[in-house]
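Working through the structure, step by step
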There are 2 protein chains.
Amino acid sequence: MTITLAQLRYFCELADAGTFGRAAARLHMSQPPLSRQIAALEAELKTELCVRGAKGIVLTPAGVQFLADARDVLRQMARARRNVAAARAGEMGQLSIGFTMCAAYSVVPALMRRYRDAFPQVQLKVREMMPVVLDQALRSG
Amino acid sequence: MTITLAQLRYFCELADAGTFGRAAARLHMSQPPLSRQIAALEAELKTELCVRGAKGIVLTPAGVQFLADARDVLRQMARARRNVAAARAGEMGQLSIGFTMCAAYSVVPALMRRYRDAFPQVQLKVREMMPVVLDQALRSG
DNA sequence: GATAGTTACGCACGACGTAAGTATA
DNA sequence: TATACTTACGTCGTGCGTAACTATC
């Protein structure tokens with residue numbers, strides 16, 4: 001009914017390996033499930049992706065096209081995971097914030113409370129400065 | 001254990017809807033499975049993607065980042081499906097091929113056989129021509 | 001007859017829905 | 001107390017593996 005990321009991985013591995021048997025071995029599974037998943041993928045796409053022969057498989061033009069796209073999807077997925085890991089790292093550690101007197105009693109406390117609620121791992125360092133000094137401090141970290 | 005495309009769809013819909021209840025309704029499912037799948041996604045990423053409150057959810061920075069990436073993945077997946085449909089269309093219909101005498105008995109028959117084996121839906125039209133005429137015929141279709 | 005792929009069958013994990021529980025404004 | 005989300009539990013679908021079958025060189 002719907003394509004899965006596993007099916008994309010299976011297809012890419014199959015294209016690399018050249019035969020169902022080798023691909024299944026690389027994927028640490030047996031041939032029958034792999035065969036079924038590729039068949040399901042082709043059924044979902046209503047398109048043959050490879051031609052089965054006695055000496056292995058050959059990709060159809062549609063298969064070649066889909067191989068490139070499937071790799072893109074998997075690459076993008078990997079990128080998403082890396083980005084999340086990076087974002088998680090960014091939410092930890094120390095966040096230094098400077099502000100000026102005119103904002104001290106109006107917006108700062110509310111912002112701090114909301115931020116601490118959302119990201120308790122972050123250590124907030126808050127300091128009041130003169131505008132010119134603040135600008136310089138921000139540039140230097 | 002592994003992220004699924006369904007989880008990406010769920011998360012995108014949740015970010016759009018703002019609450020689990022509305023997102024579940026849009027996805028034609030009940031809240032509990034949606035809640036579990038989002039929890040599973042966060043567990044897999046080892047990162048909180050949104051903060052649950054009494055009035056709905058708010059994305060964390062990591063959640064905002066992942067939302068953009070998840071949408072990219074789903075877009076790329078849709079593109080892959082369209083490309084396959086286009087490739088399938090390209091494999092049907094008629095393929096006209098011209099060739100010159102010197103190739104007639106060597107490579108052409110083998111190529112034809114292999115092509116017909118792979119793509120039986122394509123109707124092959126093969127014709128022998130003089131080089132100059134062939135060039136002109138190719139340009140005109 | 002050996003190699004490659006598919007179909008048959010049984011099991012187990014995972015997803016969903018209903019119902020009950022928990023928390024916050 | 002009302003709204004929003006989570007946990008509990010039972011059912012059903014789907015994926016996997018082993019074994020048997022089919023086809024091609």
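Here goes a summary of the coordinates provided. (Residues numbered from 1 in each chain as written. Chains lettered and ligands numbered in written order. Predicted model: local features only at pLDDT ≥ 70, side-chain atom pairs only at ≥ 80, totals over all residues. Heavy atoms only, no water.)

1. As for the pattern of salt bridges
All names here are of chain A. Under the defined criterion, the tally for this structure stands at 12 salt bridges over all chains. Across the salt bridge formed by R71 and D16, the nearest N and O atoms sit 2.7 Å from each other. One end of the pair, R71, is in helix α4 (residues 61-90); the other, D16, is in helix α1 (residues 5-17), with 55 residues separating them in the sequence. You can call R71 partly exposed: its relative accessible area is 31%. (Salt bridge = Lys/Arg side-chain N within 4 Å of Asp/Glu carboxyl O. Helix = DSSP H or I, 4+ residues; strand = E, 2+ residues; numbered from the N terminus. Buried < 20%, exposed > 50% of the residue type's maximum accessible area, 1.4 Å probe, protein only.)

2. Regarding the protein's contact with DNA strand C
With respect to spatial proximity, 18 residues lie near DNA strand C, and among them S35 and R52 of chain A together with Y10, S30 and R36 of chain B are the closest. Backbone sugar and phosphate groups make up 64% of those atoms of DNA strand C lying within 4 Å of the protein. Contact distances for DNA strand C include 3.0 Å between a phosphate oxygen and a side-chain N or O atom of S30 of chain B. Measuring from a phosphate oxygen of DNA strand C, one finds a side-chain N or O atom of Q37 of chain B at 3.5 Å. (Near = heavy atom within 4 Å. Polar contact = N/O pair within 3.5 Å; in protein donor to acceptor, adjacent residues only side chain to side chain.)

3. Examining the protein's contact with DNA strand D
The environment of DNA strand D is made up of 19 residues, and the closest members are Y10, S30 and R36 of chain A together with S35 and R52 of chain B. When the atoms of DNA strand D within 4 Å of the protein are grouped by moiety, sugar and phosphate amount to 65% of the total. Here a phosphate oxygen of DNA strand D and a side-chain polar atom of Y10 of chain A are 2.6 Å apart. Measuring from a phosphate oxygen of DNA strand D, one finds a backbone N or O atom of F20 of chain B at 3.1 Å. Contributions of two or more residues to the surface near DNA strand D are made by α3 (31-45) of chain A together with α2 (20-26), α3 (31-45) and β2 (56-59) of chain B. Of the residues forming the surface near DNA strand D, the biggest block, 4 residues, is contributed by α3 of chain A.

4. Thoughts on the state of the cysteines
All names here are of chain B. Per the stated rule, a full pass over the model turns up 0 disulfides over all chains. A disulfide-free cysteine, C12 has its sulfur positioned 12 Å from the sulfur of C50, the nearest such atom. On the basis of relative accessibility, which here comes to 8%, the residue C12 falls in the buried class. (Disulfide = S-S within 2.5 Å.)

5. Some thoughts on the relation of the copies chain A and chain B
Expressed as a screw transformation, the operator carrying chain A onto chain B has a rotation angle of 180° and an axial translation of 0.0 Å, and the superposed copies differ by an RMSD of 0.0 Å. The transformation relating the two chain copies, once decomposed into turn and shift, fits a two-fold axis. The rotation axis passes nearest to the C-alpha of V73 of chain A in chain A, at a distance of 2.9 Å. (Least-squares fit on C-alpha atoms with pLDDT ≥ 70 in both.)

6. Examining the pairing of strand β2 (residues 56-59) of chain A
All names here are of chain A. In the sheet, strand β1 (residues 50-53) pairs with β2 via 4 bridges, with the strands oriented antiparallel. Residue pairing for β2: V51 is matched across the bridge by V58. Once β1 ends, the chain turns through 2 residues before running back antiparallel as β2. (Pairing = 2+ DSSP bridges.)

7. Let's talk about the side chain of E42 of chain A
Residues and elements named next belong to chain A. One can find E42 in helix α3. Relative accessible area serves as the criterion here: at 10%, E42 is assigned to the buried category. Engagement of the side chain of E42 in a polar contact is seen with the backbone nitrogen of C50, the distance being 3.4 Å. Excluding its chain neighbours within four sequence positions, the residues that come into contact with E42 are T47, E48, L49, C50 and R52. (Contact = heavy atoms within 4.5 Å.)

8. Digging into α3 of chain B
Residue and element names in this part refer to chain B. In a regular helix each residue adds 1.5 Å, so 15 residues correspond to 21 Å; α3 covers 21 Å between its end C-alpha atoms and thus fits that length. Along α3, the residues that are buried comprise L34, I38, L41, E42 and L45. With its buried residues spanning 95° around the axis, α3 presents them on a single face. Among the exposed residues of α3, those pointing more than 90 degrees away from its buried face are R36 and A43. In the stretch just after α3, K46 is the one whose phi turns positive, near 55°. (Expected span 1.5 Å × (residues − 1). Arc of directions from axis to C-beta.)

9. Some details on the environment of R82 of chain A
Residues and elements named next belong to chain A. Positionally, R82 belongs in helix α4. A relative accessible area of 53% means that R82 is categorised as exposed. Spatially, the C-alpha atom of R82 lies 30 Å from that of P33, the residues being 49 residues apart in sequence.

10. Re the nonpolar core
Counting residues in hydrophobic clusters, the biggest one holds 50 residues, and the most contacted among them are L8 and F66 of chain A together with L8, F66 and M77 of chain B. Not counting residues up to four positions away in its chain, the partners in contact with M77 of chain B are I3, L8, F66 and V73 of chain A together with L5 of chain B. (Core = buried A, V, L, I, M, F, W, Y, C linked by side-chain atoms within 4.5 Å.)

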